[in-house]
Amino acid sequence: MSESLQELEQEFLDYVKKISAFEEALSLVYWDLRTGAPEKGATQRSEVIGTLSGEIFKMKVSEEMAAFIAGLWIERANLSDVTRRSLEACKKEYDLNKKIPAIEYEAYTRLVAQAETVWTAARETNDYELFKPYLEKIIASKRHFVEYWGYQDNPYDTLLDQYEPGMTVAVLDEVFAKLRNSILTLRKKVATASYQPDGTLLHKKVSRAKQKEFSERILAKIGFDFEAGRLDDTVHPFATGLNIGDVRITTRYDEANFKMAIFGIIHEGGHAIYEQNISPDLVGTPLANGASMGIHESQSLFYEIILGSSFEFWQSNYKDFQEITAPEFDDISVQEFYRAVNLSESSLIRIEADTLTYPLHIMIRYELEKAIMNGEIGVDELRDAWNDKYEAYLGVRPKTDADGILQDIHWSGGDFGYFPSYALGYMYAAQLFATLSKDIPNISEILSSDDYSPIREWLTEHVHQYGMLKKPLEILEETTGEGLNPDYLIQLLNDRYEFIYKLNEA
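Report on the accompanying structure. Note that this is a predicted model, so its numbers are computed, not measured.

1. Side note on the overall build of the chain
- Secondary structure assignment for the chain yields 20 helices and three strands.
- Seen along its three principal axes, the alpha-carbon backbone of the chain occupies a region of about 75 × 50 × 45 Å.
- The buried share among the 506 residues of the chain stands at 54%.
- Partitioning the intrachain contacts of the chain with sequence separation of at least 6 by distance along the chain shows that 73% fall at a separation of at least 24.
- In the form shown here, the chain has an accessible surface area of approximately 21300 Å², with 48% of it arising from carbon and sulfur atoms.

The structure is reproduced here in structure tokens:
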């Protein structure tokens, strides 16, 4: 490599490191907004977010960035892996962002910052009408952006690609159809099973303090590093990685429903463990993030569902749970508890859904987003369409907006195209677990032990360390030897619910 190329490469890495610093500051502002900023400060905070976002946007589409791309792109074969992939990531974002006028992007960031505050108020008051004008503007902006960006077969493909590179409506329609049919078939078997778990066993009050104590024990046990992260309260749980040494997670407690916080914390902990174990070599580059939203969700769902919802996990941890919550669960066996926790029933709230019905919640949102971005449905019809799909897919109909169209924060942030990554992550997780089970033959013993480190180490080796250095399908194919295959999730669900509902017992 010539000396001039080395200098240009270093200048580029210094430049993206500066962008990364601004993004970390912005993430901290967002975290504060969502976890405790005073309501009266929200308007000014939105202005700060808009200004910072605008400056970051300008850096990503600046003449300096254009010069780096022009100078390094033709030499990318001679660059280090980290620089080359960073350049590719910057070029993709540059090509997208350059098509949007900076003034429009800055106005949009202010809009979504304001919309999040309004969504919170609308959710608390069950008032979709309050949020609807903001949602209408956000949808109009996203559809306008898609026109700037362009698309081939479906406008929604452009949004999907931003969260899951290479994913299309054509692929999702096929995969989701197969998964949906399998789930509906299994649900019929479960509904008519002679044995039905007793969900009333869980109708016990568990204080916030006890939920937190148990959850923090589990977090440490599964590999969350409290010296590189923290746990806080919020309306809608999320994880945010400021850097690999500062990854923050949040939860919402309900003393009448301990499952929501405990499993939610395990879920967000999976996200955090991923980011805490990204290679330090990637810090300060665009690669110090998850490979994609789907791969990110594969890690949170791996911990929440593959690990945290397994019978072996509760064989190991139920005694602790009983001691912390005593005497509430003293007379309930681990088998009874486990089957009750995994009871499958129609529900309205996505984050409270059981592991069998969860993908149906995602498919509803996917179908609505497709319709929105293709101009087939407007905000005035959206609430009824949401309610109709819940009735058709799950046999329940929301009675309030908070339990229906206002339950998720995603649309207030303009995150159209994000929801499918949850179901993709579920499929990725099951596929990764199938390979992990071959690589670690005594996996059942580890799941029921007090040491999950072999699992975290395997995931770090094959997924975590790479951040965005590898693309999502590279990770999946190199680790499992094949592309996306929903059969592993279908098999996992069948095996699990045959046990929970004693389907194979006489």
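Let us keep going from here.
2. Some words on the environment of Glu-55
- On the secondary structure map, Glu-55 appears in helix α2 (residues 42–60).
- With a relative accessible area of 37%, Glu-55 lands in the partly exposed category.
- Taking the C-alpha atoms as reference points, Glu-55 and Glu-106, 51 residues apart in sequence, are found 8.7 Å from one another.

3. Some remarks on the side chain of Asn-317
- Inspection of the secondary structure assignment puts Asn-317 in helix α12 (residues 311–325).
- Judged by its relative accessible area of 0%, Asn-317 falls in the buried class.
- There is a polar contact of 2.9 Å between the side chain of Asn-317 and the backbone oxygen of Phe-313.
- Not counting the four nearest positions on each side in its chain, Asn-317 is found in contact with Phe-214, Ile-218, Lys-221 and Tyr-452.

4. What about the packing of helix α16 (residues 420–439) against helix α19 (residues 472–480)?
- For the pair α16 and α19, the least separation of the axes is 9 Å and the interaxial angle reads 25°. Considering the angle they form, α16 stands roughly parallel to α19. Handedness of the crossing formed by α16 with α19: left-handed. Contact residues: Tyr-428, Gln-431, Leu-432 and Thr-435 in α16; Leu-476, Thr-479 and Thr-480 in α19.

5. Let's talk about the packing of aromatic side chains
- Inspection of every chain in the model, using the stated rule, returns 36 aromatic pairs.
- Ring centres of Phe-258 and Phe-337 lie 6.1 Å apart, and the angle between their planes is 15°; this geometry places the pair in the stacked category. Placement of the pair is Phe-258 in helix α10 (residues 258–276) and Phe-337 in helix α13 (residues 334–341), with a sequence separation of 79 residues.
- With relative accessibility at 2%, the residue Phe-258 sits in the buried group.
- According to the relative accessible area criterion, Phe-337 is buried, its value standing at 0%.
- Three or more aromatic residues joined by ring pairs form one cluster here, namely Phe-214, Phe-258, Phe-263, Phe-313, Trp-314, Tyr-318, Phe-321, Phe-329, Phe-337 and Tyr-452.
- Stacked on the ring of Trp-31, the Lys or Arg Arg-248 has its end atom at 4.5 Å from the ring centre.
- It is Arg-365 that lies over the ring of Phe-419; its NZ or CZ is 5.5 Å from the centre.

6. Observations regarding the pattern of salt bridges
- Counted by the stated rule, this structure contains 31 salt bridges.
- Among the salt bridges present, the one from Glu-116 reaches Arg-34, with a minimum N-O distance of 2.9 Å. With a gap of 82 residues between them, Glu-116 in helix α5 (residues 102–125) and Arg-34 in helix α1 (residues 3–35) connect regions that are remote in the sequence.
- We classify Arg-34 as partly exposed; its relative accessible area is 28%.
- For Lys-205, the salt bridge identified is with Glu-255, shortest N-O distance 3.5 Å. Here the residue Lys-205 occupies a position in the loop between α8 (169–191) and α9 (208–222), and Glu-255 occupies one in the loop between β3 (246–251) and α10, the gap between them amounting to 50 residues.
- For Glu-255, a relative accessible area of 31% gives the class partly exposed.

7. Quick notes on α1
- A rise of 1.5 Å per residue sets the reference length of α1, with its 33 residues, at 48 Å; its end C-alpha atoms lie 48 Å apart and thus fit the reference within 8%.
- Residues of α1 that are buried include every one of Leu-5, Glu-9, Phe-12, Tyr-15, Val-16, Ile-19, Leu-26, Val-29, Trp-31 and Leu-33, and no others.
- Of the surrounding elements, those touching the buried residues of α1 are α2, α3 (63–73), α4 (81–97), β1 (229–233), β2 (239–243) and β3.

8. Regarding α9
- If you check α9, its first and last C-alpha atoms are 21 Å apart, about what 15 residues at 1.5 Å a residue would give, namely 21 Å.
- Listed as buried for α9 are Gln-211, Phe-214, Ser-215, Ile-218, Leu-219 and Ile-222. For α9, the angular spread of the buried residues around the axis is 140°, confining them to a single face.
- Where the residues of α9 are buried, they touch β1, β3, α10, α11 (293–307), α12 and α18 (453–462).
- Remark: Gly-223 follows α9 within two positions and exhibits a positive phi of approximately 120°.

9. Details of a negative patch on the surface
- A cluster of acidic residues, Asp-198, Glu-328, Asp-330, Asp-331 and Glu-336, forms a negative patch at the surface.
- Here Asp-331 shows up in the loop between α12 and α13.

10. Points about the nonpolar core
- If you look at the biggest cluster of nonpolar residues, it comprises 151 residues, and the most contacted ones within it are Trp-314, Phe-337 and Trp-411.
- Considering each element in turn, this core owes the most residues, eleven residues, to α16.
- Discounting chain neighbours no more than four positions away, the residues touching Trp-411 are Phe-131, Leu-135, Ile-138, Leu-368, Glu-369, Ile-372, Leu-382, Trp-386, Ile-405, Phe-416 and Phe-419.

11. Some words on the side chain of Asn-485
- Note that Asn-485 resides in the loop between α19 and α20 (487–500).
- Overall, Asn-485 belongs to the buried group, its relative accessible area being 16%.
- In terms of polar contacts, Asn-485 uses its side chain to reach the side chain of Glu-482, at 3.1 Å.

12. So, empty space enclosed by the protein
- This structure, assessed with the given rule, holds two cavities of 30 Å³ or more.
- As a volume, the largest cavity reaches approximately 40 Å³.
- Lining of the largest cavity is provided by Arg-123, His-236, Arg-252, Ile-349, Ile-351, Gln-407 and Asp-408.
- Tallied by class, the residues present in the lining of the largest cavity amount to two nonpolar, two polar and three charged.
- Estimated volume of the second largest cavity: approximately 30 Å³.
- Arg-365, Trp-386, Ile-405, Asp-408, Trp-411 and Phe-419 together form the lining of the second largest cavity.
- The residue inventory of the lining of the second largest cavity, partitioned by class, reads four nonpolar, no polar and two charged.

Calculation notes
- Here the residue numbers are simple positions, counted from 1 along each chain's written sequence.
- For a predicted model such as this one, the threshold for reporting local features is a pLDDT of at least 70, and the threshold for listing and counting side-chain atom pairs is 80 or more; totals across whole chains, interfaces and linings nevertheless cover every residue.
- For side-chain calculations, the full set of non-hydrogen atoms in the structure is used, while hydrogens and water are omitted.
- In this text, helices come from DSSP runs of H or I with a minimum length of four residues, and strands from runs of E with a minimum of two, each type numbered from the N-terminal end.
- In this scheme, a residue with accessible area under 20% of its type's maximum is buried, one over 50% is exposed, and one in between is partly exposed, where area comes from a 1.4 Å probe on protein chains only.
- Should any heavy atoms of two residues lie within 4.5 Å, those residues are counted as being in contact.
- Only the protein chains shown count as covering a residue, and every accessible area follows the Shrake-Rupley method with a 1.4 Å probe.
- Think of a polar contact as two N or O atoms within 3.5 Å of one another; within protein, one of them needs to be a possible hydrogen donor and the other a possible acceptor, and neighboring residues in sequence only count if both atoms come from side chains.
- Angular values range over 0 to 180 degrees, each being the angle between N-to-C directions of two axes fitted as lines to C-alpha atoms, with helices fitted over their stretch in contact.
- By the definition adopted for this analysis, an angle is roughly parallel if under 35 degrees, roughly antiparallel if over 145, roughly perpendicular if from 65 to 115, and oblique otherwise.
- By convention, the crossing between two helices is left-handed when the near helix turns anticlockwise from the far helix through less than a right angle, and right-handed when the turn is clockwise.
- Centres within 6.5 Å make a pair out of two Phe, Tyr or Trp rings, where for Trp the six-membered ring is used; the pair is then stacked when the planes are under 30 degrees apart, edge-to-face when over 60, and tilted otherwise.
- In this analysis the charged atom, NZ for Lys or CZ for Arg, is taken to sit over a ring once it is within 6 Å of the ring centre and within 35 degrees of the ring normal.
- What makes a salt bridge here is a side-chain nitrogen of Lys or Arg within 4 Å of a carboxyl oxygen of Asp or Glu, nothing more.
- In this analysis, the expected span of each helix is defined as 1.5 Å times one less than the number of residues it contains.
- Picture the helix axis, draw a direction to every C-beta atom, and the arc is the one those directions span.
- For patch detection, residues must exceed 30% relative accessible area and be free of salt bridges, and they are connected within 9 Å for like charges or within 5 Å for nonpolar side chains (Val, Leu, Ile, Met, Phe, Trp, Tyr).
- His is not counted, nor are the chain ends, whereas Lys and Arg count as positive and Asp and Glu as negative.
- Charge positions come from single atoms, namely NZ of Lys, CZ of Arg, CG of Asp or CD of Glu.
- Here, nonpolar core refers to any group of buried Ala, Val, Leu, Ile, Met, Phe, Trp, Tyr and Cys residues whose side-chain atoms link them within 4.5 Å.
- A 1.4 Å probe that fits but cannot get out identifies a cavity on a 1 Å grid over protein atoms alone, an open set with protein on both sides within 12 Å along at least five of seven lines counts as a pocket, and a residue lines either if it has an atom within 4 Å of a point.
- Grid points are joined across faces, edges and corners, and a volume is the space filled by probe spheres set on the points.
- Gly counts as polar in this scheme, as do all residues outside two lists: the nonpolar Ala, Val, Leu, Ile, Met, Phe, Trp, Tyr, Cys and Pro, and the charged Asp, Glu, Lys and Arg.

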